[in-house]
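A look at the structure
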Amino acid sequence: MINAKSFSLPSRILHWLMAVMILIMLFIGVFMASTAGPNYHRLVTLHRPLGIAILVLALVRLANRLRSPPPALPEEFPPIMKFGAKASHVLLYALMIAMPFVGWGMLSAGGYPIPLWGQSVLLPPILPHDPALWAALRSAHTVLAFLLFGMVLLHVGAALFHGLIREDAVLRSMTWQAKADRE
Amino acid sequence: MATKPLVPSASALRWLGVVAAPTALALGFLWAGGWLTPHRLTQTSLLDALRAVDGTHPGFRRNHAKGVCVTGWFEGNGNAAGLSMASVLQSGRVPVVGRFALAGGMPFQADAPAKVRSMALRLMPPGGQEWRMGINDIPVFPVRTPQEFQDLQLASRPDPATGKPDPARVQAFRAVHPWLQVAGAQITHRPLSSGFADDTYRSLDSFLFVGKDGTETAVRWSMVPLQPVTPADAHADDHDYLFRQLIDDLHAHSLQWRLMVTVAGNHDVIDDPSQGWAEDDRQIDAGTLTLTTVESEESGSCTGITFDPLVLPHGIAPSGDPILQARSAAYMRSFAARSGEKLPVPAITPTMTAAPGGAEGKKS
Ligand code: HEM
Ligand code: HEM
Ligand code: HEM
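Residues numbered from 1 in each chain as written. Chains lettered and ligands numbered in written order. Predicted model: local features only at pLDDT ≥ 70, side-chain atom pairs only at ≥ 80, totals over all residues. Heavy atoms only, no water.

So the rule is basically this: UniProt positions are given in the numbering used here, feature names are shortened, and annotations may be inferred rather than shown by experiment.
In the annotation of an unreviewed UniProt entry, the entry for chain B reads Catalase-related peroxidase, and the organism field reads Acetobacter indonesiensis. Chain B has a UniProt comment under Function (unreviewed entry) that states "Has an organic peroxide-dependent peroxidase activity." Database annotation for chain B, UniProt heading Cofactor (unreviewed entry): "heme".

In the nomenclature of an unreviewed UniProt entry, chain A corresponds to Cytochrome b from the organism Acetobacter indonesiensis. Regarding chain A, the UniProt comment filed under Cofactor (unreviewed entry) reads as follows: "heme b".

Right, dumping it as structure tokens:
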């Protein structure tokens with residue numbers, strides 16, 4: 001059986017769209033959580049729907065990934081490297097899905113109303129009102145966000161290593177140039 | 001397929017390329033999170049300033065720490081419905097969870113007539129369109145911006161040598177903030193009522209009422225007591241006399257306040273809570289608050305929430321008042337911090353709030 005050399009077009013669109021969204025989200029998050037300035041409320045108001053959009057896209061992406069498997073990694077990679085690549089992708093998926101749930105869940109546990117868009121559309125609580133749980137999840141949201149950011153840094157570094165140093169097919173499999181490789 | 005070495009040799013420039021992107025992202029992240037700008041005004045710096053004044057009291061609110069929970073209802077009369085489509089302002093009754101407190105982060109401070117008293121309310125109409133507010137019994141707020149709030153806190157922190165604020169430091173703050181003089185004088189010379197029940201509480205910050213057609217109207221509001229007002233004079237020599245009086249009142253009868261909405265006039269400054277509005281502004285009686293029960297914070301329903309002033313229903317929006325942003329941010333942080341700590345027995349215990357004759361204190 002012949003593996004495609006590239007990610008399918010939907011996979012690539014989802015990847016880059018979500019890469020931008022997640023990076024924006026991480027930056028908005030740490031910025032708003034360390035400001036008492038005039039944009040605080042606006043940023044929190046943007047953070048919620050953007051986070052929920054990431055959740056929806058991540059679930060679509062997961063389904064898409066199960067339907068169209070990714071291209072195989074170059075065969076000469078030692079198993080440990082293949083494992084590292086796989087494991088890091090699994091972790092990225094897990095965090096893309098966990099972060100919005102933790103955000104939504106913590107506001108539920110904190111007894112906050114959770115406006116999704118404007119003030120009129122509210123998300124239902126997904127956890128019971130429980131202040132201790134709110135405190136724990138609020139910390140978890142921070143810890144997981146830092147883990148996600150650390151993973152993204154490694155991921156970007158690895159992608160560039162493949163693209164600039166090894167010049168193998170890995171970076172191209174996620175970019176538009178890859179079309180040329182297609183059979 | 002020719003196999004490459006795992007790490008082929010490459011120019012330093014290419015390696016720089018590999019390292020540069022993650023490094024740039026990491027630096028940007030550190031900047032965004034305020035780690036490269038230690039003097040940024042943040043949730044943490046505001047709470048640190050409060051702690052510098054009041055000390056560390058795990059489990060308690062970082063400000064307005066001494067308080068008691070109450071419940072009751074709010075009955076809108078529809079008079080303000082033309083200005084705001086908020087469902088709480090239509091005619092009808094909604095349940096309320098509230099809290100009375102003394103300003104300041106010391107949970108065991110002694111009651112005294114001139115200490116700032118507060119009322120906090122959570123109005124809960126069906127459908128989740130909540131309205132939360134924390135309102136104080138002063139005519140105006142002492143500062144105009146969050147930075148000034150923090151600077152004033154730091155200026156009035158106790159001197160370790162005397163245990164009292166250093167007058168020179170407070171003087172220095174005043175000298176560089178001459179525009180706050182009027183507010184300071186208005187707060188100092190405000191009339192004092194006898195207790196929580198006959199006090200008037202004010203939003204101080206401005207908000208926007210949003211009508212059905214999208215029209216925005218700048219407003220402030222106050223809760224005006226229906227109980228007769230008596231001036232503060234001699235009071236019981238009791239550490240908690242204000243709270244005891246409130247508890248006795250609520251056990252004897254319900255307490256009521258009228259929600260008076262003030263519509264900004266042409267010359268009123270909207271976004272500065274240190275400036276009062278004109279006396280002849282239009283006032284709307286928007287409904288009546290009735291409080292009927294009182295409970296200690298230890299078990300009461302006001303403990304597990306924060307009265308974030310930006311939890312607003314559809315039909316009420318924040319104004320450009322910068323204090324509101326800082327409040328929303330700081331209340332969330334205070335709420336998260338205290339919720340992760342064990343709440344010690346508060347000053348106003350369940351025994352004190354129990355109905356007289358109902359529970360005779362702890363059985364030994
Ligand atoms: C991919 C999704 C998400 C990412 C990457 C993300 C990221 C972040 C980050 C980095 C922070 C700052 C943490 C800190 O420095 O302490 C944060 C805070 C926060 N997030 Fe998220 N978040 C996501 C989803 C959500 C969702 C869906 C919600 C709510 C529905 C939410 C609500 C919040 C809130 C309320 C805060 C605290 C703001 C404050 O402390 O003032 N987040 N988020
Ligand atoms: C911004 C710079 C980024 C670059 C240059 C980049 C590059 C790549 C490349 C080359 C691949 C293919 C790896 C392979 O062949 O297995 C890939 C896959 C992947 N990337 Fe990224 N990426 C970036 C950002 C992100 C971000 C922010 C996330 C999300 C947190 C992310 C999540 C993933 C995941 C989960 C995969 C596995 C493939 C899949 O199932 O979608 N990437 N990325
Ligand atoms: C930048 C200015 C301000 C800061 C940093 C600040 C900070 C705080 C904090 C940290 C709390 C504790 C919140 C919690 O743990 O739930 C609190 C409570 C409170 N604040 Fe402020 N505050 C500010 C301005 C104001 C203003 C302008 C008002 C009145 C109009 C006000 C009224 C209240 C009230 C009533 C409470 C008690 C709420 C309750 O009983 O739970 N605050 N404040």
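This is not the end of the story, as more comes after the structure.
1. Here we look at the coordination of the iron atom of ligand 2
For a metal with four tetrahedral donors the ideal donor-metal-donor angle is 109.5 degrees, while six octahedral donors give ideal angles of 90 or 180 degrees. Residue and element names in this part refer to chain A. The test is simple: Because water is not among the atoms used, a metal site may look incomplete, as its donors are only the N, O and S atoms within 2.8 Å, or 3.2 Å for Na, K and Ca. By the criteria applied here, four donors are tetrahedral when all angles lie between 85 and 135 degrees, four are square planar and six octahedral when opposite donors are over 155 degrees apart and every other angle lies between 65 and 115, and any other arrangement is irregular. Helix and strand definitions here come from DSSP, where helices need a minimum of 4 consecutive H or I residues and strands a minimum of 2 consecutive E residues; each element is numbered from the N-terminal end.
Every protein donor of the iron atom of ligand 2 is listed here as His15 (NE2) and His155 (NE2), and their distances to the metal cover 1.9 to 2.0 Å. Because the angles between the six donor atoms bound to the iron atom of ligand 2 fall within 88 to 179°, the donor set is best described as octahedral. With His15 in helix α1 (residues 9-32) and His155 in helix α4 (residues 131-166), this pair connects stretches of sequence that are 140 residues apart.

2. A word on the pattern of salt bridges
Residues and elements named next belong to chain B. As a reminder of what qualifies: By convention in these notes, a salt bridge is any Lys or Arg side-chain nitrogen within 4 Å of a carboxyl oxygen on Asp or Glu. Type-normalised accessible area, obtained with a 1.4 Å probe on protein chains alone, sets the label of each residue: buried when under 20%, exposed when over 50%, and partly exposed for intermediate values.
What the rule picks out here adds up to 18 salt bridges over all chains. Residue Arg99 pairs with Glu297 through a salt bridge whose shortest N-O separation is 3.2 Å. Taken together, the residues span a long stretch of sequence, with Arg99 in strand β2 (residues 92-102) and Glu297 in the loop between β9 (283-295) and β10 (316-318) at a distance of 198 residues. Grouping residues by exposure puts Arg99 and Glu297 together as buried. Where Arg144 meets Glu148, a salt bridge forms, and the shortest distance between an N and an O atom there is 3.0 Å. Residue Glu148 is classed as buried on the basis of its relative accessible area, which comes to 4%.

3. Quick word on the UniProt feature "active site" (unreviewed entry) in chain B
Residue and element names in this part refer to chain B. Condition: What makes two residues a contact is simply this: any of their non-hydrogen atoms within 4.5 Å.
According to UniProt, the feature "active site" (unreviewed entry) maps to His64 in the numbering used here. Within the secondary structure, His64 is located in the loop between α2 (43-54) and β1 (66-76). Residue contacts for His64: discarding those within four places in its chain leaves Arg99, Ala101, Leu102, Ala103, Gly104, Gly105, Ser118 and Asn136.

4. What to know about the UniProt feature "transmembrane region" (unreviewed entry) in chain A
The UniProt record marks residues 12-34, 46-63, 90-114 and 143-165 of chain A with the feature "transmembrane region" (unreviewed entry), using the residue numbering of this structure. End C-alpha to end C-alpha, residues 143-165 of chain A measures 32 Å, and it is 100% helix and 0% strand.

5. With respect to the packing of aromatic side chains
Applicable threshold: Two rings from Phe, Tyr or Trp (for Trp, the six-membered ring) form a pair when their centres are within 6.5 Å of each other. A pair whose planes differ by under 30 degrees is stacked, one over 60 is edge-to-face, and the rest are tilted. Two limits define a charge over a ring: the Lys NZ or Arg CZ must be within 6 Å of the ring centre, and within 35 degrees of the ring normal.
One pass over the structure, following the stated rule, counts 21 aromatic pairs over all chains. The interplanar angle of 80° and the centroid separation of 4.9 Å between the aromatic rings of B:Trp131 and B:Trp221 together place this pair among those described as edge-to-face. With B:Trp131 in strand β4 (residues 131-136) and B:Trp221 in strand β7 (residues 216-225), this pair connects stretches of sequence that are 90 residues apart. Pair check on accessibility: B:Trp131 and B:Trp221 agree, each one buried. An aromatic cluster of three or more residues is present, and its members are A:Phe27, A:Phe146, A:Phe149, B:Phe29 and B:Trp35. The residue whose ring lies beneath B:Arg40 is B:Trp31, and the NZ or CZ to ring-centre distance is 5.6 Å.

6. Quick look at the site of ligand 2
All names here are of chain A. For clarity, the cut-off: One heavy atom within 4 Å of a molecule or strand makes the whole residue count as near it. Any N or O atom pair separated by 3.5 Å or less is treated as a polar contact, with the protein-specific requirement of one donor-capable and one acceptor-capable atom, and with residues adjacent in sequence counted only for side-chain atom pairs. Residues are grouped as follows: Ala, Val, Leu, Ile, Met, Phe, Trp, Tyr, Cys and Pro are nonpolar; Asp, Glu, Lys and Arg are charged; all remaining types, including Gly, are polar.
As a matter of local geometry, ligand 2 sits amid 19 residues, with His15, Arg61, Arg65, Tyr93 and His155 nearest to it. Interatomic distance of 2.9 Å between a side-chain N/O atom of Arg61 and an oxygen atom of ligand 2. Arg65 places a polar side-chain atom, nitrogen or oxygen, 2.5 Å from an oxygen atom of ligand 2. Looking at the shell around ligand 2 residue by residue, the class counts come to 13 nonpolar, four polar and two charged.

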